[in-house]
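Okay, here's what each chain looks like letter by letter:
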Amino acid sequence: MDDKYFMKMALALAKKGQGFTSPNPMVGAVVVNDGRVVGKGYHRSVGEAHAEINAINDAGIASKGATLYVSLEPCNHTGRTPPCSIEICKAGINRVVIAMNDPNPDVKGGGIDYIQSQGIEVTSGVCEEEAKRLNEVFIKYVTKKCPFVIVKCASTLDGRIATRTGDSRWISGEESRAFVHRLRHAVDGIMVGINTVKKDNPALTTRLQDIKGRDPVRIILDTNLSMPEDAKVLRIDSDSDTVIITGDSVSEAKKIKLETQGAKIIEAPVKDNLIDLDELMNSLGALGIISLLIEGGSRVIASALSAKIVDKVVFFYAPKIMGGDDGVPVCRGPGPDLMDGCIPVKNINVRRFGDDVMIEGYIKD
């Protein structure tokens, strides 16, 4: 068994923290002594012990002379918890294998430098691409200070997300919808336009069968503040907030009325009568929202793509054909004149959920 074997084990452990560690990364660690796994750990939740500490504690005295496999460079600074690099040295670890260096420009390299200065051998870059993919959200946030943006939609084979009457329940099957709730659990915020709220009245919460999922912050784009008073997003018993993004010309009376119902109102610049999404991403990043799932509708999806804020797309295609041109398209508004103007999607992953096909890919590197 080589370094990759044990690092893949650490990465699998790291993924267990998905949805609970934000704004921290997902990290897993394994302690191996004489070819045998003697300790395992992962970062379970923000504010709790890091993966390395949990793995070392699990190993106990077997950490002495062992190799530590960790999916991200150990920290060398004091945040909510003490530096892991010091604890690694205290435990008697004699070799550390790291999947990827910490991308945070403020701390990058500090953990490796300290560990090496104490005479411990360090190997880095093992399963690096897998580690970067796992923490793609964290990487973007610490380097760009704005959220990693995912666009999700479900459509018929001929590209419609609703009928001409607005009916969209249900295009995709139960397995696809269950996966979407896992996506919601994994992100900090979920965003829709006010038309989606008016037509579908969604709850925008997370509903999982096996664990208590985390609700993302509900973000509604509402330029003129026309939110219905009976909207579900204003009446939900949830640990997360409902945030309404509006223009700077709406009346104070409207704002106060919605705020008394528990919503938070944020003013944002307006461009072409729509919320300026590029500027909004900076505002959301400043609020600590490091990942955002855009669920629609078609104008919001088109606006997000046009503003070039989208990092990743997750499209579900159901084996259904609308059979007409009067349904609601995935994107609404003008498109390019030529095929060369289409947005390329890279690093494609295709999965089946029941009879549905999911295509996942990246717009940005």
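On a predicted model such as this, the values are computed, not experimentally measured, just so you know.

1. A look at the sheet that holds strand β17 (residues 346–353)
- Sheet architecture is open: nine strands sit in the order β11-β10-β9-β8-β14-β6-β15-β18-β17, paired in mixed fashion. Among the strands making up the open sheet, the edge pair consists of β11 (264–267) and β17. Taken pair by pair, the neighbouring strands of this sheet meet at an average axis angle of 20°, ignoring direction.
- With six bridges connecting them, strand β6 (residues 148–155) and strand β15 (residues 312–317) associate as parallel partners. The residue bridging V151 from the neighbouring strand is V313, located in β15.

2. A short note on the layout of surface pockets
- Counted as a void, the second largest pocket has a volume near 1,100 Å³.
- Along the walls of the second largest pocket sit 33 residues, with A302, S303, L305, S306 and A307 positioned nearest its centre.
- Among the secondary structure elements, those contributing two or more residues to the lining of the second largest pocket are β13 (274–275), α10 (277–286), α11 (298–306) and β15.
- The element that contributes the greatest number of residues to the lining of the second largest pocket is α11, accounting for five residues.
- Of the residues in the lining of the second largest pocket, the class split is 20 nonpolar, five polar and eight charged.

3. Here we look at a nonpolar patch on the surface
- A contiguous nonpolar patch, built from V345, I348, V350 and I359 and spanning about 300 Å² of accessible area, is present on the exposed surface.
- Topologically, I348 is positioned in strand β17.
- Residue class for I348 comes out partly exposed when judged on its relative accessible area of 46%.

4. With respect to the pattern of salt bridges
- One pass over the full model with this rule turns up 17 salt bridges.
- Here D326 ties to R164 by a salt bridge, and the two come within 3.3 Å at their closest N and O atoms. Taken together, the positions of D326 in the loop between β15 and β16 (328–329) and R164 in the loop between β7 (160–162) and α7 (174–186) put the pair 162 residues apart, joining distant regions of the chain.
- A salt bridge links K264 to D241; its shortest N-O distance comes to 3.0 Å. Taken as a pair, K264 in strand β11 and D241 in the loop between β9 (217–221) and β10 (242–246) lie far apart in primary sequence, 23 residues in all.
- By relative accessible area, which is 45% here, K264 ends up partly exposed.
- For D241, a relative accessible area of 32% puts it in the partly exposed group.
- Linked by salt bridges that have partners in common, R133, E136, K312 and E360 make up one network.

Conventions used here
- Residues numbered from 1 in each chain as written.
- Predicted model: local features only at pLDDT ≥ 70, side-chain atom pairs only at ≥ 80, totals over all residues.
- Heavy atoms only, no water.
- Pairing = 2+ DSSP bridges.
- Helix = DSSP H or I, 4+ residues; strand = E, 2+ residues; numbered from the N terminus.
- Axes fitted to C-alpha atoms, helices over the stretch in contact; angles between N-to-C directions.
- 1 Å grid on protein atoms, 1.4 Å probe; cavity = no way out; pocket = protein on both sides within 12 Å on 5 of 7 lines; lining within 4 Å.
- Points joined across faces, edges and corners; volume = space filled by probe spheres on them.
- Nonpolar A, V, L, I, M, F, W, Y, C, P; charged D, E, K, R; others polar.
- Patch = residues over 30% accessible without salt bridge, like charges linked within 9 Å, V, L, I, M, F, W, Y side chains within 5 Å.
- Areas by Shrake-Rupley, 256 points an atom, 1.4 Å probe, with all protein chains shown as cover.
- Salt bridge = Lys/Arg side-chain N within 4 Å of Asp/Glu carboxyl O.
- Buried < 20%, exposed > 50% of the residue type's maximum accessible area, 1.4 Å probe, protein only.

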